[in-house]
Structure formats: structure tokens, C-alpha cells
Amino acid sequence: MPEKVTMLTVYKLLPQTNCGKCGEVSCMSFAAKLLDRKAAVEECKPLIEEASKYGKQHQQLVKLLAPPVREVVIGVGDRAVKVGGKEVMYRHELTYHNPTALAVDVSDKLEDSEIVERCRKVEEYQVTRMGMPLRLDMVAIRCASDNPERFAQAVALAAKNCSLPMILCSFNPEALRLAVEQKGVFDRRPLLYAATKDNWREVATLALQYKLPLAVFAPNNLPLLKSLSRTLQAMGLRELVLDPGTYTEGHLLGETFNNFTMIRRAAIEQEDEELGYPLLAAPLTVWMAGENPGDPQALAFKEAYMASLFLVRFSDILILHALEPWTLLPLVSLRQNIYTDPRKPVAIEPGLREVGKPDRLSPVFVTTNFALTAYTVLGDLESAGISGYVLVIDTEGLAVEVSVAGGQFTSARVKQVVESSGIEKKVEHRKLILPGKAARLRGDVEDDTHWEVMVGPQDSSQIKDFLSKSWQVPEARPPEGRKT
Amino acid sequence: MGEDSEVQILGRKLHELLEKLGEIEIEGVEITAEELTLIFQPTLTAAVRPPVEAAAPKPEAVTQLMEASFTPPIHQYQGQVVEVQLGATKAEGGSRGKVLKVGGEKYPPLYGFEGLNPHRPVFAIDIFDMPLTLAKPVRQHYEDVMDDPGEWAKKCVEEFGADMVDLNLVSTDPGLKDASPREATKVVEEVLQAVDVPLMIGGSGNKQKDPLVLEAAAEAAHGERCIINGAMLDIDYKRVAEAVKKHGHVVLSFTSMDINNQKKLNRLLLDEGLTPEQIVMDPTTAALGYGLEYTFSFMERMRQAALKGDPELQMPLVGPVSNAWGAREAWLKIEDWGPREVRGPLWEVVTATTLLSAGCDIFLMSHPAALLVMKQLVECFWGERKAEQNIENWITALG
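Starting afresh in each chain, residues are numbered from 1 along the sequence in its written order. Each chain gets a letter, beginning with A, and each ligand a number, beginning with 1, in the order they are written. Whole-chain, interface and lining totals are the exception, using all residues; otherwise, since this is a predicted model, local features are given only for residues with pLDDT of at least 70 and side-chain atom pairs are given and counted only at 80 or more. Hydrogens and water are ignored here; the side-chain numbers use all heavy atoms of the structure.

Peer 1: What's the story with the overall build of chain A in this structure? I'm lost.
Peer 2: Numbering of helices and strands runs from the N terminus; a helix is a DSSP stretch of H or I covering at least four residues, while a strand is a stretch of E covering at least two. The number of helices and strands found in chain A is 18 helices and 17 strands. Here a residue-residue contact requires only that any non-hydrogen atoms of the pair lie within 4.5 Å. Taking all contacts inside chain A whose residues are at least 6 apart in sequence as the whole, residues at least 24 apart take part in 66%. For accessible areas, the Shrake-Rupley method is used with a probe of radius 1.4 Å. Any residue's cover is judged against the shown protein chains and nothing else. Accessible area of chain A: about 19800 Å², with a carbon and sulfur share of 48%.

Right under this line is the structure:
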């Protein structure tokens, strides 16, 4: 294992003047932030501005803090993708940086109009979870035709109609060159895929000429992968992506998994610079296998769970084929989960939230402060056009079911929010609606809060139905002087 | 160890100098060439070879592929996960035709290059002692047997290939049927009769009543080495532990996403006289999209601690991935999300694959297709399904 960089080592390379220009009170606290990857070296102004004085220290610091897995940028502009930059093997050791980029393949055998349509579909895909838009990142144009001219046309078409970064896939150097030299292609920084034992010299020359990131393909052969990486480094290439081959069948799946794990361990723990690059997995290879040739749904299913395995185990880029909402939803959700910073709870502030224009007779809902639960409930109320109050209780960022079982969702905590939120003054009735999954707390909450408790539906999407069946506008006397 | 030879001492000094100066001239040293080769070559080579970064690249000069070798990065592990047997045969005091062994891991999950772990993960299907609301894609597979827990169990084993059955005595819930512990045990007996695989038995989740229900269930399944679900810090775990001990079962040690609590509860269970071979752990399984990353990291950390030698975390891991069906993405009918008949099982499978990578040993599942996929995956990882696959031409072969 490499030696751990200490705060002191970092501190010694800083100006040690405590000038405060970085926003920290001292160079020591800035050092701590650097170590935690919560600040960038460039935020230390003197280090950059006084190059004659600190130039050498700056370089040393950058080198010291460089992640063992190099960060590679593909594409330009808003949708440019950063991959790699990984610091750790396990997310609990720090956090995983740069979420796995999801690419969808586009065959050059499709009609022009189909190419444009597919590219747009990839570009426009979006779902929102926890207030975050989740999207696809790249298109992988495949030279399926084996015809350089056709490939170049398809790439030009994609470049013109889609702003996403591209992966140009061909083992034929001629096809890659022709594609790169189309108008508006090389300056979009596509990833060239791929250098192999047969074509490496020509493909590497192309990558050098146009300063493009380059993928290396050596299926199930790590000595070859390393040998290619070493050779390409010697030619001056530093923006590489490694593809050790994605086998999805039988014992070969285990071997593929081994390859990914060994490469990442060699990079992070042994600082093997030849393997310290982002990893690419192509689970779309399931579509080649003969197991369910006639059943696209079964193959899409398989591709998705294969992708989930590689997403969790070290892949920085995934190339997929299925463009189905039901296969993409679990993958973008898993990616969001795994790339959440474990140092921060996924929670929102407990307290009172208002939806729509609630009045003194509006319903009062109770939910947890797990961000996803809370956002979902608020979103469902809003889209159903319901005005009401939501009491968000502190369940330590856990969802309803889990926090009821684990004892974070308790009547005491409901009581706490009821009292601190001022809800008693906002409504005239005394009715709380608990989530269906917290039904068993009903009695306790009634005892503790002295509010009547209604048990809501299992899922907040059913709140509208629930209200129309069970919610009668509570009878209450209008307060004195209230105008109607 | 003997005294260092002169050559070794000289070697160290040279090494120090080399580190300081980067290079060195050797003058006036009498030494044989053979010794020099043996001892100094690695250092000298390193000093002579210019660092890769500093060399100005001359791409045209690179005409041949540079050879490289790769040595798998292997670790040594001090600890090992405890091997736990589920189910007991007639000879062992039970009546199971099939028993399972889980745990015993010596290597991290799916690190096949370090070694193959001795036992494959196993897969149970959840059943209940009364019909209850299940998501439609799940319910449709069990609708015909939900009135009969014995038939339900049989279908899971014979038709869907479950390694185990996870029986939940939900009818004891005071909010449902409020069945007595005694009534509930009848179902335990029925299911034991119906199938010969190991069982896991749980209550209704009622913290006051569950210890009583489980005590009765443990007695009804005396000697069968079931997993009794379970012990928690805030229930009468002593009663549960006592029943597990008395009737020869395994206890599920359940905590809520807190490693220290998990260690504490395991320790308390050991203090009650249970052996490590009688404990399995569930640190709480959240669904994909609903905190799965917590479960993933807790399991990963717990397994790492086990391999480092922490005896309080060396028990096999249980993952109730059926919880995936609590996520609306699994079952809600929304056209924009695609057909729930495939979306639901995929949600469950992805929850399961994620925990497989984290080291989960016992999976509690719902959808038969999800179970089948997981069983096949595990066979792949354990090298039991040989395959040929050529992907070298994937760019063109996909059409």
C-alpha cells in the first residue's frame, strides 16, 4: 500500500502565511480540506500567483494529491464528462468521485433518421430524483458496417445533432481517422475506441495528432493491457481509458470481474501508473450471446443487471444498448446511490413544509427527513393539486419503513415537530396523517401528541384517493372576526 | 538472523547514497561481479532509468509493443467468516432432507483472483401465514397458494428453486389477526412438513409480542436449525436467544445501520451462551434508490472487519432484498417507467447484485424470476457454468 499523505505533509507545501484568501482561517485547515478533496490546490491564490516563489511547491503538491486513477475528460462544454479520478477502492474510505458515465451505442447501420432520433433520445433522457436530474452521458457510435465512409457519415451526423460527448468505436484505424477528420468532430474531444495489439500504432498516432483521449482494448489479457498502456505512455499519451473486455457468460463473468478488481487494486494500492486509468465496461456484449437471441426483453434485463455489477465494481464508463425506461431507471438510481458522498447524510431539515395554499382546515401529513421520501411526498401532493402541511420529522435521514423498524421514527420525534413547528396555531383541527408504513405507531403518536391519528396510504402517490375517501373537512368554528 | 555481511552493509550505504544523489560512481571497491549483480542491480537500474514523466516522448521512436507482465495483487487475511449450518438432518436431530452451509469466507466477495470462497450465497423466498397485500408482479406468482402456507412453501422450493423458505408469522400482529403464538406454531409445523429445506421464521414486527411468538415457533421447530428472526437491541432478545439455544436454532441479529450496535448485539447474544455458529447478521437492507448505499457500505465494512479478524463481525450476512418492492419504482403503474412486470423484478435483482458485491450470504427474495437470475449469477461467479464467449469483434458483431 502507498504511504498515506498526511495533513502535515500537505501543510508544509503550502505558503503557511494563513493569508485567508482561500476562505479558510489557516493553511492547516486548508490542508485538511485538500486532503478531504473538498478544496482544489488552485484555490490557494499565492501558490498560483507567486509562481517564482512557490512554483516548485505547487508542482509537488499537485503530484502529491493527484488521484491514483487519472481523471480523463471526454467532450467539451456543459455536457463534457469527467471519468476516473478515483482515490479509493471502497466508497466508505472517502467517497467515489466522478459518477460512472453511461453511454448508449448507436450503430452506423441504422438509417440516418434513426441515428438522429436515437442520439436525441439519449441526449434528452432525464429523470429527477431527490431534486437532482439524472441523465445519460454519451453516445457510442459503432462502426458496425465496417465501412469507413459510412462510419464517418454517421459520426458527422451524430456530431451535428447531439451535444453529448461521443465514443468513436472501431478497430479499423482508417475508419477512426476518417471520422475524426469530419467537420466538428475532433474539437468535440471524442474518446477513440480502441487501440488493440494490432492497430495501436496508427490509432495512437491519431490520438496524439488530435490530442484525443484513447481507449485501450485487451480482452481478458492483463499483461497485454499493461503492455499497451506502457507503450502508449512511452509515445506520450496520458489520457487513456482501459477496457479489459466485458464477458458476461459463465465463468468468464468471474474472470472479467477479477480483471476490473485487480486493475483497480494495482492502481490504488500499488500505484501502478500503467493501470491508473478509468475503466470501461461494455455490458452490451450480452446482445451478442446466444442464450436468448429472440427475446429482446430478456437481453435488456440481463444487460441491466450486468451493468449494475460493473457500476458498483469500479467501472467509470458503461456502454449500453437498451434504451428502455425500465432498464435505465434502476441504473441511474444505483449510480446516484453509490456516488452519494457517505460523509453527508441524504437528509433535509426537519420541520414544517407547506404545499399549495394551505388554510386552517388543510390536512397535516407526517413524513421522514430522508431526502427522497420527503421530496416524493411533497412532489406527489403538488402534482395532485393538494394544499396541505407536511411535518418532516428527524429520522436521521432514513426512509419510513427502515426508520420505523430501527427506532428513528418514534412518537416522541413526531411530538417534537408538532410542538416546535407551530402547526397547532396554523390549523384548527387536530388530525395527523401518518404514512401507511408507520401504521403501527398510531397509538403511541395519539398518546404522545393528543392529536387524532389517521393512517395514510402505503405510498404517497395514493394520497389523493385516500383524501377523497377518508378526509372530511374537519368541522371547526371559524375564529372570531374571520371573514368568509 | 546472523550478522549482516559486509556486502549487505555496503549495499545499504550505497542505497542511501543513491537515494540522496540519484546516481553514484563506484570507486576503489573490491568486490566480485557476481555479488554486485545479485545485490545492487535493482537499485542501480532504477537510478539509471529516467522517470517516464521526464522523458520527452518521441512517438515515432516507439516501433514495437513494450512487453509487460502482470502480477495479481493478492492480500493476506487474518480472519475468516464463521461457517453456519442451516437446517438439520434426521441424524442431527431435525428432519431436513437438505441442509445448507453459509459463510466460511476467507476472501472478499467476488475476489476470485485471491481464492474461491467455500460456500455460495443462498436464496430464500418470503412467505406469510396469511394472505396479505403484495405488489401485483409478485402476487400473481403466489395467488393460488396464499391461503395455504404449506403449498406456498412447496411452490417456492419445487417450482421456483428456492434454497430456503422464509416464513413470516404476520397473523400474530395485534393490528391484523392477533393470532396467538400457539396458533402460529401450527403453520410452522405445516411448512416443516411440506418442504425439506431449511426455514427461517420471523414474527410480525411487533416488538412486545414477537419474542413470545418466536419462542413458541422455536419450540415447534425443535432441532431443525432454523434461522429465528430475530434478536434486536430493543426487544426481549434474551427470551429469543434462550429459545434458540434450547431448541438448536440460529438467530438473526438485526440492527439498524449501525456497526457499533451490531457488534454490541452480537456480543450480548454470545454472552447469552449462543455460539458464533448460531448467529447471522442483518444490518438492515434498504431498497435500491432508498438508501441502498448505506446497506452496501455497512455490509462491505463489516466483511472487511471480519477478514481483518474482528470476531464480533465474523458472522454471515443476511439481506432481505424483498424490501426492493417497497420502492414505488418496483411496482407503481406508470407508463413512463416501462412495464412493471419486468421493472419490478429488475429492481429486486439490482438491489441483490449490489449486496452480492458487498458480501451478503443469505438473500431473502420475492419474485421467482429475480431468484432465478441471482442463482444463475452465483453459479457463474463460482465457476460452475462454463461458457465460451468471443467478444473481440463486438463492434461489428452487434449489427
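Peer 1: Would you mind going over the nonpolar core with me for this structure?
Peer 2: The tendency in soluble globular proteins is for nonpolar side chains to be buried side by side. Residues L168 and L214 of chain A together with I362 of chain B are the most contacted members of the largest nonpolar core, which totals 231 residues. Broken down by element, this core gets its largest block of residues, 10 residues, from helix α11 (residues 296–312) of chain A. Excluding residues that lie within four positions of it along the chain, L168 of chain A makes contacts with I141, F151, V155, L176, A179, V180, V185, P190, L191, L192 and Y193 of chain A. By nonpolar core we mean a set of buried residues, namely Ala, Val, Leu, Ile, Met, Phe, Trp, Tyr and Cys, connected to one another through side-chain atoms within 4.5 Å. Note on exposure labels: buried denotes an accessible area under 20% of the residue type's maximum, exposed denotes more than 50%, and partly exposed covers the range between, all computed with a 1.4 Å probe on protein chains only. In terms of nonpolar packing, the next biggest core, distinct from the first, is built from 27 residues, V81, M138, A140 and I319 of chain A among them.

Peer 1: Would you mind showing me how to read unusual backbone geometry here?
Peer 2: The bulk of non-glycine residues show a negative phi, and the bulk of peptide bonds are trans. Residues Y193 of chain A and A194 of chain A are joined by a peptide bond in cis, for which omega reads 5°. Along the chain, the position of A194 of chain A falls in strand β8 (residues 191–195). In the segment running from N229 of chain B into G230 of chain B, the intervening peptide bond is cis, with an omega of -5°. With respect to the helices, strands and loops of the structure, G230 of chain B is situated in strand β6 (residues 227–231). The residue Q16 of chain A is not glycine, and still its phi comes out positive at about 60°.

Peer 1: Can you help me understand the packing of helix α6 (residues 148–161) of chain A against helix α7 (residues 173–180) of chain A in this one?
Peer 2: Packed helices, taken two at a time, are described by their axes: the angle between them and the distance between them. All names here are of chain A. For helices, the fitted axis covers only the stretch in contact; all axes are lines through C-alpha atoms, and the angles between them, taken along N-to-C directions, range from 0 to 180 degrees. Packing of α6 against α7 leaves a shortest axis separation of 8 Å and a crossing angle of 35°. The interaxial crossing formed by α6 with α7 has right-handed handedness. For the pair α6 and α7, contact is made by P148, E149, F151, A152 and V155 and by E174, A175, L176, L178 and A179, respectively. Per-class residue counts for the contact of α6 with α7 are eight nonpolar, no polar and two charged. The sense of a crossing depends on the near helix, which, turned anticlockwise from the far helix by less than a right angle, makes the crossing left-handed and, turned clockwise, makes it right-handed. Residue polarity is assigned by list, with Asp, Glu, Lys and Arg as charged and Ala, Val, Leu, Ile, Met, Phe, Trp, Tyr, Cys and Pro as nonpolar; anything else, Gly included, falls into the polar class.

Peer 1: I'm lost on the domain arrangement of chain A in this one. Help?
Peer 2: The parts lose accessible area when they come together, and the size of an interface is often stated as this lost area. Its domain assignment divides chain A into domain 1 (7–65), domain 2 (71–338) and domain 3 (351–470). Domain segmentation is taken from an automatic or database assignment of domains. Computed over C-alpha atoms, the centres of domain 2 of chain A and domain 3 of chain A are 44 Å apart.

Peer 1: It is not clear to me how the confidence of the model for chain B should be interpreted in this structure. Could you clarify?
Peer 2: The predicted coordinates should not be examined in detail at positions where pLDDT is low. On a range of 0 to 100, pLDDT expresses the predictor's confidence in each residue. Chain-level statistics for chain B give a pLDDT mean of 88 and a share of 86% at 70 or above. Throughout residues 20–54 of chain B the model reports pLDDT below 50, and contacts reaching past four residues in sequence, or to other chains, amount to 28 contacts.

Peer 1: Looking at this structure, how should I read the sheet that holds strand β17 (residues 452–455) of chain A?
Peer 2: The strands that make up a sheet pair up through hydrogen bonds in the backbone, lying either parallel or antiparallel. Residue and element names in this part refer to chain A. At least two DSSP bridges between two strands are required for those strands to pair. Sheet architecture is open: five strands sit in the order β13-β15-β14-β16-β17, paired in mixed fashion. The sheet is open, and its two edges are formed by β13 (351–355) and β17, each paired on a single side. Here the average twist between neighbouring strands, direction ignored, is 30°. Bridging between strand β16 (residues 431–434) and β17 involves four bridges; their strand directions are parallel. Across the sheet, residue K431 finds its bridge partner in β17, namely E452. The strands that helix α13 (residues 371–383) touches are β13, β14 (364–368) and β15 (388–393); relative to β14, the one it contacts most, it runs at about 150°. Against the sheet, helix α18 (residues 463–470) engages β14, β16 and β17, with an angle of about 125° to β17.

Peer 1: Sorry if this is basic, but what is going on with the interface of chain A and chain B here?
Peer 2: With 98 residues of chain A at the interface, the matching set in chain B holds 86 residues. Taking both partners together, chain A and chain B bury about 8000 Å²; carbon and sulfur atoms supply 65% of that area. One side-chain nitrogen of Lys or Arg within 4 Å of one carboxyl oxygen of Asp or Glu is enough to make a salt bridge. Applying the counting rule to chain A against chain B returns four salt bridges. Here R328 of chain B and D459 of chain A are joined by a salt bridge, their closest N and O atoms 2.8 Å apart. A 3.5 Å cut-off defines polar contacts: any pair of N or O atoms within that distance qualifies, except that in protein one atom must be a possible hydrogen donor and the other a possible acceptor, and neighbouring residues in sequence count only when both atoms are side-chain atoms. Seen at the junction of chain A and chain B, the total is 39 residue pairs in polar contact (both at pLDDT 80 or more). Accessible area that two parts lose when put together, with a 1.4 Å probe and added across both, is what the buried area reports.

Peer 1: Any chance you could explain the pairing of strand β7 (residues 250–254) of chain B here in plain terms?
Peer 2: Two faces, one strand: in a regular strand the side chains alternate between the faces of the sheet. Residue and element names in this part refer to chain B. For β7, the buried fraction is high: five of the five residues fall into the buried class. Side-chain alternation along β7 places V250, L252 and F254 on one buried face and V251 and S253 on a second face that is also buried. Orient the strands so they point away from the viewer, and a crossover whose first-strand-to-second-strand path over the helix runs clockwise is right-handed. The parallel pair β6 and β7 is bridged by helix α7 (residues 237–247), and the resulting crossover is right-handed. Pairing analysis gives four bridges linking β7 to strand β8 (residues 279–282), with the strands arranged parallel. Of the residues in β8, the one forming a bridge with L252 is V280. Each parallel crossover has a hand, and for β7 linked through helix α8 (residues 259–271) to β8 it is right-handed.

Peer 1: Before we go on, may I ask you to explain the state of the cysteines in this structure?
Peer 2: All names here are of chain A. Whenever a pair of cysteine sulfur atoms sits within 2.5 Å, that pair is classed as a disulfide. The tally for this structure, following the rule as stated, stands at zero disulfides over all chains. As a non-bridged cysteine, C27 has C19 as the owner of its nearest cysteine sulfur, 6.2 Å distant. The structure places no disulfide on C44, whose sulfur is separated from the nearest cysteine sulfur, that of C19, by 6.2 Å. Look at C44 and you get buried, because its relative accessible area is 7%.

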